Amino acid sequence: MGDMGVVVGGLRLKNPVVAAAGTFGFGAEYGEILDPARLGAVCTKGLTLRPRDGNPPPRLWETACGLLNSIGLQNPGIDAFIREELPRMREQGITVIANVWGNSPAEYEQAVAILSEAGVDAIEINVSCPNVSRGGPVGEDARRTARVVRRARRVCPVPLWVKLPPAGGIAVARAAQEEGADAVSAVNTFRGMAIDIETGRPVFANVVAGLSGPAIKPIALRIVYELAGALMIPVVGIGGIDDWRDALEFIMAGAHAVQVGTANFVDPLAAARIVAGLERYMDEKGIEDWEVIRGSAQR
Ligand code: SIN
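Residues numbered from 1 in each chain as written. Predicted model: local features only at pLDDT ≥ 70, side-chain atom pairs only at ≥ 80, totals over all residues. Heavy atoms only, no water.

Visitor: Explain the site of the ligand to me, please; I cannot follow it from the model alone.
Guide: With respect to spatial proximity, the complete set of residues near the ligand consists of Lys45, Asn69, Ile71, Gly72, Leu73, Asn126, Cys129, Pro130, Asn131 and Asn188. In the model, an oxygen atom of the ligand is placed 3.0 Å from a nitrogen or oxygen of the asparagine 188 side chain. When the ligand sits alone it has 260 Å² of accessible area, and the protein chains cover 91% of it. Here the ligand is seated within the largest pocket. Its residues assigned to classes, the shell around the ligand comprises four nonpolar, five polar and one charged. (Near = heavy atom within 4 Å. Polar contact = N/O pair within 3.5 Å; in protein donor to acceptor, adjacent residues only side chain to side chain. Areas by Shrake-Rupley, 256 points an atom, 1.4 Å probe, with all protein chains shown as cover. 1 Å grid on protein atoms, 1.4 Å probe; cavity = no way out; pocket = protein on both sides within 12 Å on 5 of 7 lines; lining within 4 Å. Sits in = over half its atoms within 2 Å of the grid points. Nonpolar A, V, L, I, M, F, W, Y, C, P; charged D, E, K, R; others polar.)

Here you go:
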């Protein structure tokens, strides 16, 4: 059998399937139904310096082939994460990617410094949450993204990934690359909305929420294809990946790894199922290394 392993921006993964932030808890909770260490890595829920309660309900709304969320980065804060969750993740042999959000470049820097010191395997800076900042996420602006990545990079000895919004474009991804990001994850949710036809009002208190799931897959795939063609650093593909065939499409578009998000809500075994499907595919096709097929659509 070929080697499922892959190195993504300095981080060695045993396979290219990662559980996306906010869709898989801290991974250890899944221990009774699957071995979370079987996944390439687990991205934590977006972590902030201080605990956050998140946005008022409703926070989730199903759409045709998709899901809108307005969670608002509910999380226990980095101190509680380091005290309570990280040791459990370590015990279970999970490769830990800490997803980090800050209110300012200084907050990102502080959170990244503390988390990388605490022994996470990599950091994923979240500049793409659509639910917490007025006027759109930082990652829709190249100069603001550059400021955040610069501050994070100087205190981050571990691999640094940057999770991008769909509307950032190549300019933002290049800014992240120039400031020393080791990889970009693309894409976070699309800004969308829903209206309750009984009240005539927006469903969400923030009006705008983040759309994910199969509905966004073809658009996410196109963005990953464009980024992989334009960047020197690896791209991690995200967006509506539901089974191993979807994952393969992203790899063929040029992604070094993929993240499985919304599919985990439908089937908690989705990510493990995708690992098994890719394993079978590699075996049947006699593929020894992802490099053989990575980016085949670019050639
Ligand atoms: C949220 O917590 O609102 C979603 C996180 C994200 O989109 O990054």
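Visitor: I keep staring at the state of the cysteines and nothing clicks. Help me out?
Guide: By definition, a disulfide links the sulfur atoms of two cysteines through a covalent bond. Considering all chains together, one arrives at zero disulfides under this definition. Cysteine 156 carries a free sulfur, and the closest cysteine sulfur to it, the one in cysteine 43, is 13 Å from it. Judged by relative accessible area, cysteine 156 falls into the buried class, the value being 4%. (Disulfide = S-S within 2.5 Å. Buried < 20%, exposed > 50% of the residue type's maximum accessible area, 1.4 Å probe, protein only.)

Visitor: Would you mind showing me how to read the sheet that holds strand S4 (residues 41-43) here?
Guide: What links the strands of a sheet is backbone hydrogen bonding, and the strands pair in either a parallel or an antiparallel sense. Pairing is parallel in the closed barrel, where eight strands are placed in the order S3-S4-S7-S8-S9-S10-S15-S16. Direction aside, neighbouring strands of the sheet carry axes that sit 25 degrees apart on average. Two strands pair when backbone bridges link them, and strand S3 (residues 17-19) and strand S16 (residues 257-260) are joined in this way by three bridges, in the parallel orientation. What sits directly across from alanine 19, in S16, is valine 260. (Pairing = 2+ DSSP bridges. Helix = DSSP H or I, 4+ residues; strand = E, 2+ residues; numbered from the N terminus. Axes fitted to C-alpha atoms, helices over the stretch in contact; angles between N-to-C directions.)

Visitor: What should I look at first to understand a nonpolar patch on the surface in this one?
Guide: Taken together, the side chains of Met193, Ile195 and Val207 define a hydrophobic patch exposed on the protein surface, amounting to about 250 Å² of accessible area. Along the chain, isoleucine 195 turns up in strand S12 (residues 195-196). (Patch = residues over 30% accessible without salt bridge, like charges linked within 9 Å, V, L, I, M, F, W, Y side chains within 5 Å. Salt bridge = Lys/Arg side-chain N within 4 Å of Asp/Glu carboxyl O.)

Visitor: Looking at this structure, how should I read unusual backbone geometry?
Guide: Trans peptide bonds make up most of the peptide bonds, and negative phi angles are found at most residues other than glycine. Along the chain, proline 57 connects to proline 58 via a cis peptide bond; the corresponding omega equals -5 degrees. Inspection of the secondary structure puts proline 58 in the loop between S4 and strand S5 (60-63). Notably, leucine 73 is not glycine yet its phi reads approximately 55 degrees, a positive angle. Looking at leucine 73, the relative accessible area reads 3%, which means it is buried.

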